[in-house]
Amino acid sequence: MSLPTPPALFKTLRLPLLLTALAATLATPLAGAQSLKELHELARGHDAAFLAARAGAESARHRSAQAEALQRPNVGLQGSYTRSSSDTPLYDSRSNTAATVGLSATQTLFNRQNTLTIDKARRALDLAEADLNSAEQDLTLRVAQAYFDVLIAQDALSTARASKTAIGEQLASAKRNFEVGTATITDTREAQARFDLATAQEIAADNDLRTRRLALEQLVGRADLKPLGLKPATALPLPGEGIESWVEKTEQSPSVRKARLAHEIAKLETRRTQAGHLPTVDLQGQLASTNNRGSGALSAGGAGTTTSNSIGVTVRMPLYTGDAIQNQVREALALEEKARNDLEAARRGVAQATRQLFLGVQSGAAQVKALEAAETSSRLALDATKLGYKVGVRVNLDVLNAQTQLYSTQRDLARARYEVLLNSLRLRQAAGTLNPADIDAVSALLGTSR
């Protein structure tokens, strides 16, 4: 038995090796750090809420196609087989066998209710697509929120660890000074208390980071994620237009669009119920073939095959329905008024939210600048306090307070920067302009791994 040559052996093993490598890639966590855009794409294929909305939109397309069938012909095939017998005083026992095959067709010529039902189905399809768009924007915000929550938690943990390290150094210094007699036991105890508090804060920050990571991993369906942080000296995006320009865009907001479509559907339903008083006109045709056999075939028109056809127009006109139609109209009018008020409420709510988010972005950007200045000032103050402590004009508690102020400012600054990015995305969602390009723009600001 001869062994396969190396090229043949490679071809034999190549497919299983590729399949094994692919399976290993899907089963293992993502390598390296990930941008917001990458995780957003993963979430689109994993998030159950978004996938359910997409399936709902797909079902609405089939539901709309069902309504379109109301204006098309309805054709059916029918058949029957009958055997009968009779025995009377005048005639001997007779039997007859009849086999019938027929084709019938109906075409609606006028039915106002069917026409309005089709219009309603088309609006319902638009509403389902609006729901899908809303779900997609909601997914975008949920991914961004979970992504930045992890970054905020990472910064909080880094700050807590840096603060603990600095306090530990100050604690060691206080112990040394106490041993040589240049400081009191109070300095050591104060530093020890701050160190213990910093240890507790580090544990809490570490647990918060683990929780935030789990939320992000559940959202995108992958493990061991490492989100990219903001690039150094990143200029945060700000709204380029005035507040009223953003408010004018809210007509395209998913909430307003859905409320507007619901109002249009309610108006069509009112017209549909009012059309219940109108006549309907149908064109009907039938073609049938009957084969008679047996001794009784003569009474049935003779043995053999008989062919018949008919075509005609049927008109139906409701005269009295027990006030059912009138009450259906009243119900539809009330629901139309409800939908109109829901639309107005949606417009007002989205406009208010847009104004608040616009002001929030501007305020957040101003807060970032103030915190950047505060960080610089706090660092200078800490350096000056440390120098004063060395020359004996400041006490250990002053150094600890200055350290706490610096690290708290750094933590607040990181959170404020991420909040500006999140609010800018929320503002675009409220205005109905949020799209994948906005995720690309935010993702371009990220580039440092943690």
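Residues numbered from 1 in each chain as written. Predicted model: local features only at pLDDT ≥ 70, side-chain atom pairs only at ≥ 80, totals over all residues. Heavy atoms only, no water.

Q: So what's going on with the overall build of the chain? Residues and values would help.
A: Summing up its helical and strand segments, the chain has ten helices and six strands in all. Taking as baseline every contact in the chain between residues at least 6 positions apart, the subset at least 24 positions apart corresponds to 82%. Looking at the chain as shown, the accessible area adds up to about 25700 Å², and 56% of this sits on carbon and sulfur atoms. (Helix = DSSP H or I, 4+ residues; strand = E, 2+ residues; numbered from the N terminus. Contact = heavy atoms within 4.5 Å. Areas by Shrake-Rupley, 256 points an atom, 1.4 Å probe, with all protein chains shown as cover.)

Q: Describe the pairing of strand 4 (residues 280–293), naming the residues involved and giving the relevant values.
A: A regular strand places its side chains so that they alternate between the two faces of the sheet. Two strands pair when backbone bridges link them, and strand 2 (residues 94–110) and strand 4 are joined in this way by 13 bridges, in the antiparallel orientation. Within the sheet, the bridge partner assigned to Thr100 lies in strand 4 and is Thr290. Looking at chain direction, strand 4 and strand 5 (residues 304–316) are connected through 13 bridges and run antiparallel. Looking at the pairing, Asn292 lines up with Gly304 of strand 5. (Pairing = 2+ DSSP bridges.)

Q: Can you lay out the packing of aromatic side chains for me, pointing to particular residues and giving the numbers?
A: Scanning all chains against the criterion turns up two aromatic pairs. Ring geometry for Tyr147 versus Phe148: centroids 5.7 Å apart, planes at 85°, classification edge-to-face. On the basis of relative accessibility, which here comes to 0%, the residue Tyr147 falls in the buried class. (Phe/Tyr/Trp six-rings, centres within 6.5 Å; stacked < 30°, edge-to-face > 60°. Buried < 20%, exposed > 50% of the residue type's maximum accessible area, 1.4 Å probe, protein only.)

Q: If you had to explain the nonpolar core to someone new, which residues and values would you point to?
A: The biggest cluster of nonpolar side chains holds 45 residues, and the ones touching the most others in it are Leu36, Tyr147, Phe148, Leu216, Tyr418, Leu421 and Leu446. Elements with a contribution of two residues or more to this core: helix 2 (36–44), helix 3 (48–68), helix 4 (112–180), helix 5 (185–220), strand 3 (228–230), helix 8 (324–391), helix 9 (396–430) and helix 10 (436–443). Counting residues per element, this core draws most heavily on helix 4, at 15 residues. Not counting residues up to four positions away in its chain, the partners in contact with Leu36 are Val143, Ala144, Tyr147, Ile439, Val442, Ser443 and Leu446. Trp246, Phe358, Leu427 and Ala430 belong to the second largest nonpolar core, which has six residues in total. (Core = buried A, V, L, I, M, F, W, Y, C linked by side-chain atoms within 4.5 Å.)

Q: Give a description of the layout of surface pockets that names residues and reports values.
A: Estimates place the volume of the largest pocket at around 310 Å³. Ala160, Ser163, Gln201, Ser408 and Arg411 are, among the 15 residues lining the largest pocket, the residues nearest its centre. Of all the secondary structure elements, the ones that give two or more residues to the lining of the largest pocket are helix 4, helix 5 and helix 9. (1 Å grid on protein atoms, 1.4 Å probe; cavity = no way out; pocket = protein on both sides within 12 Å on 5 of 7 lines; lining within 4 Å. Points joined across faces, edges and corners; volume = space filled by probe spheres on them.)

Q: Summarise helix 7 (residues 254–274); cite the residues concerned and give the values.
A: Between its first and last C-alpha atoms helix 7 spans 30 Å; for 21 residues at 1.5 Å apiece the expected length is 30 Å, and the two agree. Residues of helix 7 that are buried: Pro254, Val256, Ala259, Leu261, His263, Ile265, Ala266, Leu268, Glu269, Thr270 and Thr273. Its buried side turned inward, helix 7 meets helix 4, helix 8 and helix 9. (Expected span 1.5 Å × (residues − 1).)

Q: Can you lay out unusual backbone geometry for me, pointing to particular residues and giving the numbers?
A: Glycine aside, negative phi is the norm for most residues, and most peptide bonds take the trans geometry. With phi around 55°, Asp224 is a residue other than glycine that occupies positive phi space. For Asp224, the location among the structural elements is in the loop between helix 5 and strand 3.

Q: Break down the side chain of Asp438 for me, citing the residues and quoting the values.
A: Residue position: Asp438 is located in helix 10. Assessed through its relative accessible area of 15%, Asp438 is described here as buried. Ignoring any residue separated from it by four or fewer positions in sequence, one finds Asp438 in contact with Leu425, Arg428 and Thr433.

Q: Explain the packing of helix 2 against helix 5 to me, and be specific about the residues and the numbers.
A: Two numbers describe how helix 2 lies on helix 5: the axes approach to 7 Å, and their chain directions differ by 55°. In terms of orientation, helix 2 and helix 5 fall into the oblique class. Counted together, Leu39, Leu42 and Ala43 of helix 2 and Leu216, Leu219 and Val220 of helix 5 form the full contact between these two elements. Considered class by class, the residues forming the contact of helix 2 with helix 5 number six nonpolar, no polar and no charged. (Axes fitted to C-alpha atoms, helices over the stretch in contact; angles between N-to-C directions. Parallel < 35°, antiparallel > 145°, perpendicular 65-115°, else oblique. Nonpolar A, V, L, I, M, F, W, Y, C, P; charged D, E, K, R; others polar.)

Q: Break down the pattern of salt bridges for me, with residues and values.
A: As a working rule, side chains carrying opposite charge can pair if their charged atoms are close by. All chains considered together, the criterion is met by 30 salt bridges. A salt bridge links Arg142 to Asp47; the shortest N-O distance between them is 2.7 Å. Here Arg142 is found in helix 4, whereas its partner Asp47 is found in the loop between helix 2 and helix 3, with 95 residues between them in sequence. Between Glu241 and Lys249 there is a salt bridge, and its shortest N-O distance comes to 2.5 Å. Connected through salt bridges with shared partners, the residues Arg161, Lys164, Glu202, Asp206 and Arg210 form a single ionic network. (Salt bridge = Lys/Arg side-chain N within 4 Å of Asp/Glu carboxyl O.)

Q: Residues and numbers for helix 2, please.
A: Inspection of helix 2 places Leu36, Leu39, His40 and Ala43 among the buried residues, and these make up the whole buried set. When helix 2 is viewed along its axis, its buried side chains cluster within an angular range of 105° and face the same direction. (Arc of directions from axis to C-beta.)

Q: If you had to explain the confidence of the model for the chain to someone new, which residues and values would you point to?
A: For the chain, per-residue confidence averages 85 on the pLDDT scale, and 88% of positions sit at 70 or higher. For the chain, helix 1 (residues 6–27) is the element with the lowest average pLDDT, namely 39, and helix 7 is the one with the highest, namely 93. Taken as a whole, residues 1–30 scores under 50 in pLDDT and shows 13 contacts with residues more than four places along the chain or in a different chain. (pLDDT = per-residue confidence, 0-100.)

Q: Before we move on, could you go through a nonpolar patch on the surface and cite the residues and values that matter?
A: Taken together, Val75, Leu77, Val101, Leu103 and Leu287 make up a surface patch of nonpolar side chains, about 490 Å² in accessible area. Secondary-structure elements contributing two or more residues to the nonpolar patch are strand 1 (74–86) and strand 2. Along the chain, the position of Leu103 falls in strand 2. (Patch = residues over 30% accessible without salt bridge, like charges linked within 9 Å, V, L, I, M, F, W, Y side chains within 5 Å.)

Q: An account of the packing of helix 3 against helix 4 is requested, with residue identities and associated values reported.
A: A pair of packed helices can be characterised by two numbers: the angle between their axes and the separation between those axes. At a minimum axis separation of 9 Å, helix 3 and helix 4 run at an interaxial angle of 170°. Comparing their axes, helix 4 and helix 3 come out roughly antiparallel. Contacts between helix 3 and helix 4 pair Ala49, Phe50, Ala53, Arg54, Ala57, Ala60, Arg61, Ser64, Ala67 and Glu68 from the former with Thr117, Ile118, Ala121, Arg122, Leu125, Ala128, Glu129, Leu132, Ala135, Glu136, Leu139 and Arg142 from the latter. Taken together, the residues of the contact of helix 3 with helix 4 sort by class into 13 nonpolar, two polar and seven charged.

Q: Tell me about the environment of Asp47, residues and numbers included.
A: By relative accessible area, Asp47 is classed as buried at 8%. Between the C-alpha atom of Asp47 and that of Val220, which follows or precedes it by 173 residues, the distance is 6.7 Å.

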